[in-house]
Amino acid sequence: VGMLSQLRNLWLNSNSMNGTIPTEVGMLSQLQNVVLHNNIMNGTIPKEVGMLSQVQRLDLANNNFDGTIPSEIGILRQIEILQLSNNNIHSAI
């Protein structure tokens, strides 16, 4: 997935996808929309999401993510929508 350097939209919602978000997602510097809701993805949200400097929408709701919200999400200056509901995340905002 890291080779798709010009990708702007990644919509893979409602596909029964499992597994984790690969750390290579941070290499997709042009991404504006990451929509992975309604799957069965798990693991932690990788800190590399903080490298998505153009992302406006990050929707990871309705999965099985656990751990904490990476502090790197706080540096996403373009973000308008952050949806993390219905996961197993335990973290302060």
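For the structure itself, look to the data block above.
Sequence positions are assigned chain by chain, starting from 1 and proceeding in written order. At least 70 in pLDDT is required for a residue's local features to be given in this predicted model, at least 80 for side-chain atom pairs to be given and counted, and no such filter applies to totals for whole chains, interfaces and linings, which use all residues. Where side-chain values are given, they derive from all heavy atoms of the structure, hydrogens and water being excluded.

Draft legend 1. Broad picture of the overall build of the chain. Along its length, the chain carries zero helices and eight strands. The helix count covers DSSP runs of H or I at least four residues long, the strand count covers runs of E at least two residues long, and both are numbered beginning at the N terminus. Along the chain, helices and strands appear, N-terminal first, in the series β-β-β-β-β-β-β-β. C-alpha atoms of the chain, sized along the principal axes, occupy 30 × 30 × 20 Å. Here's how the labels work: a residue is buried when its accessible area is under 20% of the maximum for its type, exposed when over 50%, partly exposed in between, all with a 1.4 Å probe on protein chains only. A buried classification covers 37% of the 93 residues belonging to the chain.

Draft legend 2. Summary view of the sheet that holds strand β7 (residues 81-83). Strand pairing is assigned whenever DSSP detects at least two bridges linking the two strands. Strand order in the open sheet made by the four strands is β1-β3-β5-β7, with parallel pairing throughout. In the strand order of this sheet, the two ends are held by β1 (9-11) and β7, each with one partner. Direction aside, neighbouring strands of the sheet carry axes that sit 10° apart on average. Direction of pairing for strand β3 (residues 33-35) relative to strand β5 (residues 57-59): parallel, over a ladder of three bridges. The residue bridging Asn 33 from the neighbouring strand is Arg 57, located in β5. A fitted line through C-alpha atoms represents every axis, and for helices the fit uses only the stretch in contact; the resulting angles, taken between N-to-C directions, go from 0 to 180 degrees.

Draft legend 3. Quick peek at empty space enclosed by the protein. Within this scheme a cavity is a closed region of a 1 Å grid, computed over the protein atoms alone, that accommodates a 1.4 Å probe without allowing it to escape, whereas a pocket is open but has protein on both sides within 12 Å along at least five of seven lines; lining residues each have an atom within 4 Å of a point. Grid points are joined across faces, edges and corners, and a volume is the space filled by probe spheres set on the points. Going through the model one piece at a time under the given rule, you end up with one cavity of 30 Å³ or more. Size it by volume and the largest cavity reaches roughly 30 Å³. Surrounding the largest cavity, Ile 21, Val 25, Val 34, Val 49, Leu 52, Leu 58 and Leu 60 form its lining. All amino acids are sorted into three groups, where Ala, Val, Leu, Ile, Met, Phe, Trp, Tyr, Cys and Pro are nonpolar, Asp, Glu, Lys and Arg are charged, and the leftover types, Gly among them, are polar. In terms of residue class, the lining of the largest cavity is built from seven nonpolar, no polar and no charged.

Draft legend 4. Structural detail: the pairing of strand β6 (residues 64-67). With burial as the criterion, only one face of β6 is covered, namely that bearing Phe 65 and Gly 67; the residues Asn 64 and Asp 66 on the opposite face remain uncovered. Note that β6 and strand β8 (residues 88-89) share two bridges and pair parallel. Its bridge partner being in β8, Gly 67 is matched across the sheet by Ile 89.

Draft legend 5. Spotlight on the nonpolar core. In terms of nonpolar packing, the biggest core is built from 18 residues, with Ile 21, Val 25, Leu 31, Val 34, Leu 52 and Leu 60 touching the most fellow members. Any two residues whose heavy atoms approach within 4.5 Å at even a single point are treated as in contact. Apart from residues no more than four positions distant in its own chain, Val 34 is found in contact with Leu 10, Leu 52, Val 55, Arg 57, Leu 58 and Asp 59. Here, nonpolar core means buried Ala, Val, Leu, Ile, Met, Phe, Trp, Tyr and Cys residues that are tied together by side-chain atoms lying within 4.5 Å of each other.

Draft legend 6. Fine view of unusual backbone geometry. Positive phi, close to 60°, is recorded for Asn 62, a residue that is not glycine. Residue position: Asn 62 is located in the loop between β5 and β6. By relative accessible area, Asn 62 is classed as partly exposed at 30%. Despite not being glycine, Asn 86 has its phi angle at roughly 60°, a positive value. Mapped onto the elements of the fold, Asn 86 is located in the loop between β7 and β8.

The values reported here are purely geometric and, on their own, carry no functional implication.
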